[in-house]
2 protein chains.
Amino acid sequence: MKNFFLPFIILFSFTVLAQKEEVFIRKIYDEALENGEAYENLRSLCKDIGARVTGSAEAEMAVEWGQRLLKAANFDKVYLQEIMVPHWERGTKEVGWITTENGKLLKLDILALGMSIGTNGLLSAEVIEVEDLDALRNKSAAAIQGKIVFINKPFDQKLIKTFQAYGACWPIRGNGAVEAAKKGALGVVIRSLATPTDHFAHTGSMHYEANVNKIPAAAISTKHANVLSDWLKEGKVILKMEMDCAQFADKVSYNVIGEMTGKEDAQIITIGGHLDSWDVGEGAHDDGAGVVHSVEALRILKELGYKNKHTLRVVLFMNEENGNFGGKTYAKIAAEKKEVHIAAIESDRGGFLPVGFDVVGDSTQLKFVQNMYKILNPFQIYRLEAGYGGVDINPLREYYPAMLQLGLAISSQRYFDYHHAHSDVFENVNKRELELGAAAMSAMLYLLDQKL
Amino acid sequence: MKNFFLPFIILFSFTVLAQKEEVFIRKIYDEALENGEAYENLRSLCKDIGARVTGSAEAEMAVEWGQRLLKAANFDKVYLQEIMVPHWERGTKEVGWITTENGKLLKLDILALGMSIGTNGLLSAEVIEVEDLDALRNKSAAAIQGKIVFINKPFDQKLIKTFQAYGACWPIRGNGAVEAAKKGALGVVIRSLATPTDHFAHTGSMHYEANVNKIPAAAISTKHANVLSDWLKEGKVILKMEMDCAQFADKVSYNVIGEMTGKEDAQIITIGGHLDSWDVGEGAHDDGAGVVHSVEALRILKELGYKNKHTLRVVLFMNEENGNFGGKTYAKIAAEKKEVHIAAIESDRGGFLPVGFDVVGDSTQLKFVQNMYKILNPFQIYRLEAGYGGVDINPLREYYPAMLQLGLAISSQRYFDYHHAHSDVFENVNKRELELGAAAMSAMLYLLDQKL
């Protein structure tokens, strides 16, 4: 008879535990929605610092800003982690036109792609349009030689998750210049990687390859891509462009780190976003939102007097956009120090409505996260699926292949309206959506600390 | 042995049927996202017609607009349903100030509440603040007599669903004037029913009661509500306001109806939103979105060559905002004609991200809808819960208590930023979010037609 009540006791303990977690997560959301600091922190990052491309004065100030913010939060430790980063500047000239023989002329919405060389004066050449990289590779060198290649692949609007449409166009931005140069092109312009048809050009990283001629690369707005394509159907189009962007010697920069030291052991759970942005707009959604989400997640736990088991570490990564040296260095140093990393959460999909978490792990880890559904669903977190964690935390997997990684999943419908464009500004972030993202990050950080 | 394969055949048929539905719903989404007309229709309704309060010239033009749109879609029938509606006008004067004895003065962000009387010249009185209707009822008549009552209840930001915060404040807007007048107040101003702290005043319906003095009622912005409350902590505040809004004799107006006649029987499934809006902004989210969602839902089925079993009827209801005579008349005429109504779907929660459907029905009907989860989830429709259908379709339940009603559930985080305010304009609607709403409505209409 002694064990008769045991199942009930277990069930009771389990229920009490679940209730304890529910109560605490409710407190996390209350704090985020009533006394949240994420929105004001984002305003400050966007307006007091602004766009902060790696290597810029603004990026240096963002490091100081981050350090001040983490110190003000009174975490147990706040420190910098030195890294070497690339240094590219857009320069002061960035302009383009298209003209036709029958007298049409249009000034282009244009942005150099990040890491592109300049044009060294006015570049002027006939345009040839291709639909994607395969079409470019299939062209003869004779057809491309001496021309500016225009790669005009629109987003597939049918894809419900816009990141899939982005993923399909992404190689064009990265490899377009290399593939065009192999055929003798003088320059490349791409249709902006964007959802809407409007006048914003969207920049982003491109690269060169050794032994392939470096040619300038730029993005034009989707509206102007349509115009250019229409004009090309009627006849010859000349594109003139001048850009004096350039790359300089690598510089020293920093990841900014704060932590609440664990009580029971030295296992580490990392939460973070990236501090750098592109150099246009204010990097509000990409990834100011991830930065303030992550800081707020830890601040809330501290504010609520939570006593963490593991070490909870917020990392503001530098240089996600063009090299990921922040993420790579963080992982390398962790391994060198023989730190024990058991989990990491990243927010790098904007400050829109949070809907769940993408899970990187084996089936047991996926199941572990999916078991949180019931406790998170009252807060409209419903999508707990296998997916991708984030660019910054991804390098940790090389050294900690068994660790759990999570990416905050955000409704992606509006992300590529603003991504890498002048329109990625604070005003395009909604306060409550941002706060709900911070609360979701905090709730997950708490659940991982409790359950791992 | 004859029946040995039967379970497999049933399973196979079931799978084939489910696949057929999946394939068709994929086509619905493709059409909405690639060739959708919802966004352009909404632009036209917002820009070619504009705000369209019941009884206005714009409302009359909206009826013509709706009729033209349904006729252009080539539905089997397009017709008007005559109704009598109230006619209230904001007039040309609408202004307010607060002043203090120590020299402070502020011009208020102010909007008369819909159906309010005017002030008949400049109304000037001392302000008394109360936190809600209960607090007002508990005040002595002596404290209220001759004053302007300021009801200052903010939204509870902790509530994840903002409609719950709205619901808690909603009686203040409707009954504030009556309760204040019972105590001898000269006027009432309320804190706008809105999520953010900003400079937009939000209007909405209020009412008077027989045998209670009619006093003017207005809403002020949440920012100015905070200022007024702060000043009242320091001492006496005088509020001066002038409004010449007024109610006129009832007018004739119309519900606008289009239908695809059913093949098998005369059972009717209604889908709709409301054509009227408040008289500020452009009624983009409330409820231009619902109008174009509903028209697009039926247009897509027709475009895809779908042969409907039941009669599918799109209704653009008039007068949801201040009387609901469109919805009431539609239900009454349906019953008089002995129509058989089996289901109705309404969209009246904005053009933001759709997340599911609220279900009005018994447990079997709820289960019936929840069984669609698997087929809708790939399109990010995940919330199928008991809830509310919509104001326009609700009167049908009086005559058809067993019918199934569904309300398109939309992420509500941004709805009360724009609701009933000058900011409810086309530019604040995102194209893809709107299109996904139309696709969700169309998919549900199709599934109901197939499965009922």
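The structure presented is a predicted model; accordingly, all values stated were derived computationally and were not measured. (Residues numbered from 1 in each chain as written. Chains lettered and ligands numbered in written order. Predicted model: local features only at pLDDT ≥ 70, side-chain atom pairs only at ≥ 80, totals over all residues. Heavy atoms only, no water.)

## Regarding the pairing of strand E11 (residues 267-274) of chain A
Residues and elements named next belong to chain A.
In step 1: A large share of E11 lies buried, amounting to 7 of its 8 residues.
In step 2: As judged from the 6 bridges shared by E11 and strand E13 (residues 340-346), these two strands associate in the parallel manner. Of the residues in E13, the one forming a bridge with threonine 270 is alanine 344.
In step 3: Direction of pairing for E11 relative to strand E12 (residues 311-317): parallel, over a ladder of 7 bridges. Counterpart to isoleucine 269 in the pairing with E12 is leucine 312.
In step 4: Considered for its hand, the β-α-β crossover made up of E11, helix H8 (residues 284-303) and E12 is right-handed. (Buried < 20%, exposed > 50% of the residue type's maximum accessible area, 1.4 Å probe, protein only. Helix = DSSP H or I, 4+ residues; strand = E, 2+ residues; numbered from the N terminus. Pairing = 2+ DSSP bridges. Right-handed = clockwise from strand over helix to strand, strands pointing away.)

## Focus: the relation of the copies chain B and chain A
In step 1: Superposition of chain B onto chain A requires a rotation of 180° combined with a translation of 0.0 Å along the rotation axis, giving an RMSD of 0.0 Å. The superposition operator between the copies reduces to a two-fold rotation axis. The position closest to the rotation axis in chain B is occupied by the C-alpha of tyrosine 382 of chain B, lying 3.8 Å away.
In step 2: Interface residue correspondence from chain B to chain A reaches 100%, placing this contact among same-surface, isologous pairings. (Least-squares fit on C-alpha atoms with pLDDT ≥ 70 in both. Contact = heavy atoms within 4.5 Å.)

## Remarks on the domain arrangement of chain A
All names here are of chain A.
In step 1: The assigned domain composition of chain A is domain 1 (25-88 + 249-451) and domain 2 (91-244).
In step 2: Contact residues are listed per partner, giving 20 residues for domain 1 and 23 residues for domain 2.
In step 3: Contact between domain 1 and domain 2 buries roughly 1700 Å² in total, counting both sides, with carbon and sulfur atoms accounting for 64%.
In step 4: Our count for the domain 1 to domain 2 interface comes out at 1 salt bridge.
In step 5: Lysine 161 is the salt-bridge partner of glutamate 385, the closest N and O atoms lying 3.3 Å from each other.
In step 6: Those elements that provide at least two residues to the side of domain 1 that touches domain 2 are strand E1 (77-89), strand E15 (383-386) and helix H13 (415-418).
In step 7: At 4 residues, H13 tops the list of elements feeding residues into the side of domain 1 that touches domain 2.
In step 8: For the side of domain 1 that touches domain 2, the residue count by class is 8 nonpolar, 7 polar and 5 charged. (Domains from an automatic or database assignment. Buried area = accessible area lost by both parts, 1.4 Å probe. Salt bridge = Lys/Arg side-chain N within 4 Å of Asp/Glu carboxyl O. Nonpolar A, V, L, I, M, F, W, Y, C, P; charged D, E, K, R; others polar.)

## What about the packing of helix H8 (residues 284-303) of chain B against helix H14 (residues 431-451) of chain B?
Residue and element names in this part refer to chain B.
In step 1: Across the interface, H8 lies against H14 with an axial gap of 8 Å and an inter-helix angle of 55°. When the axis of H8 is compared with that of H14, the two are oblique. For the pair H8 and H14, the crossing hand works out as right-handed. Mapping the contact onto sequence places Ala289, Val292, His293, Ser294, Glu296, Ala297, Leu298, Ile300 and Leu301 in H8 and Leu434, Gly437, Ala438, Met441, Ser442, Leu445 and Tyr446 in H14. (Axes fitted to C-alpha atoms, helices over the stretch in contact; angles between N-to-C directions. Parallel < 35°, antiparallel > 145°, perpendicular 65-115°, else oblique. Left-handed = near helix turned anticlockwise from the far one by under 90°.)

## Observations regarding the packing of aromatic side chains
In step 1: Following the criterion strictly, the structure yields 29 aromatic pairs over all chains and no others.
In step 2: Arranged with centres 5.7 Å apart and planes meeting at 70°, the rings of phenylalanine 155 of chain A and phenylalanine 416 of chain A form a pair that is edge-to-face. Highlighted residues: phenylalanine 155 of chain A in the loop between strand E6 (148-151) and helix H6 (162-182) and phenylalanine 416 of chain A in helix H13, separated in sequence by 261 residues. Each member of the pair, phenylalanine 155 of chain A as well as phenylalanine 416 of chain A, is classed as buried.
In step 3: Summarising the aromatic geometry, the rings of tyrosine 306 of chain B and tyrosine 446 of chain B are spaced 5.3 Å apart at their centres and angled 75° between planes, so their arrangement reads as edge-to-face. Pair noted here: tyrosine 306 of chain B is in the loop between H8 and strand E12 (311-317) and tyrosine 446 of chain B is in helix H14, with a separation of 140 residues, a long-range link.
In step 4: One aromatic cluster is present, built from ring pairs that chain together Phe155, Phe163, Tyr166, Phe352, Tyr415, Phe416 and Tyr418 of chain A. (Phe/Tyr/Trp six-rings, centres within 6.5 Å; stacked < 30°, edge-to-face > 60°.)

## Remarks on the environment of glutamine 19 of chain A
In step 1: Locating glutamine 19 of chain A in the fold gives a position in helix H1 (residues 6-34).
In step 2: Sequence separation between glutamine 19 of chain A and phenylalanine 150 of chain A is 131 residues; the distance between their C-alpha atoms is 58 Å.

## So, the interface of chain B and chain A
In step 1: With 27 residues of chain B at the contact, the number on the chain A side is 27 residues.
In step 2: Across the chain B to chain A interface the summed buried area is about 2600 Å²; carbon plus sulfur atoms make up 51%.
In step 3: For the chain B face of the interface with chain A, the top three residues by lost area are Lys158, Ile160 and Arg432 of chain B, together amounting to 27%.
In step 4: Connecting chain B to chain A are 4 salt bridges.
In step 5: The salt bridge involving glutamate 433 of chain A is made with arginine 414 of chain B; its shortest N-O contact spans 3.0 Å.
In step 6: The interface formed by chain B and chain A contains 16 residue pairs in polar contact (both at pLDDT 80 or more).
In step 7: Elements supplying a minimum of two residues to the side of chain B that touches chain A: helix H1 (6-34) and H14 of chain B.
In step 8: Ranked by the residues each element gives to the side of chain B that touches chain A, the list is headed by H1 of chain B, at 5 residues.
In step 9: By residue class, the composition of the side of chain B that touches chain A is 9 nonpolar, 7 polar and 11 charged. (Polar contact = N/O pair within 3.5 Å; in protein donor to acceptor, adjacent residues only side chain to side chain.)

## Focus on unusual backbone geometry
In step 1: Note the cis peptide between aspartate 286 of chain A and aspartate 287 of chain A, where omega equals 0°.
In step 2: Relative to the assigned elements, aspartate 287 of chain A resides in helix H8.
In step 3: For lysine 338 of chain A, which is not glycine, the phi dihedral falls at a positive 55°.
In step 4: Examined against the element boundaries, lysine 338 of chain A turns out to sit in the loop between helix H9 (325-336) and E13.
In step 5: Although it is not a glycine, asparagine 211 of chain B sits at a positive phi angle of roughly 70°.
In step 6: Relative to the helices and strands, asparagine 211 of chain B is located in the loop between strand E7 (187-191) and strand E8 (217-220).
In step 7: By relative accessible area, asparagine 211 of chain B is classed as exposed at 83%.

## Quick word on the pattern of salt bridges
In step 1: Scanning the model with the defined rule gives 62 salt bridges over all chains in all.
In step 2: Two residues, arginine 90 of chain A and glutamate 94 of chain A, come together in a salt bridge whose shortest N-O distance is 2.5 Å.
In step 3: A relative accessible area of 23% means that glutamate 94 of chain A is categorised as partly exposed.
In step 4: Residue aspartate 230 of chain B pairs with lysine 233 of chain B through a salt bridge whose shortest N-O separation is 3.8 Å.

## Observations regarding the sheet that holds strand E11 (residues 267-274) of chain B
All names here are of chain B.
In step 1: The strand order across the open sheet built from 8 strands is E1-E10-E12-E11-E13-E16-E14-E15, with neighbouring strands paired in mixed fashion. Sheet topology places strand E1 (77-89) and strand E15 (383-386) at the edges, where each strand pairs with a single neighbour. Averaged over all pairs of adjacent strands, the angle between strand axes in this sheet comes to 20°, irrespective of strand direction.
In step 2: For strand E14 (residues 354-360) and strand E16 (residues 404-410), the ladder comprises 6 bridges, and the chain directions are antiparallel. Its bridge partner being in E16, aspartate 358 is matched across the sheet by glycine 407.
In step 3: Most of the contacts of helix H3 (residues 57-72) go to strand E10 (residues 246-260), to which it runs at about 5°, and overall it touches E1, E10 and E12.
In step 4: Contacts from H14 reach E11, E12, strand E13 (340-346), E14 and E16 within the one sheet, and its direction differs from that of E14 by about 40°.

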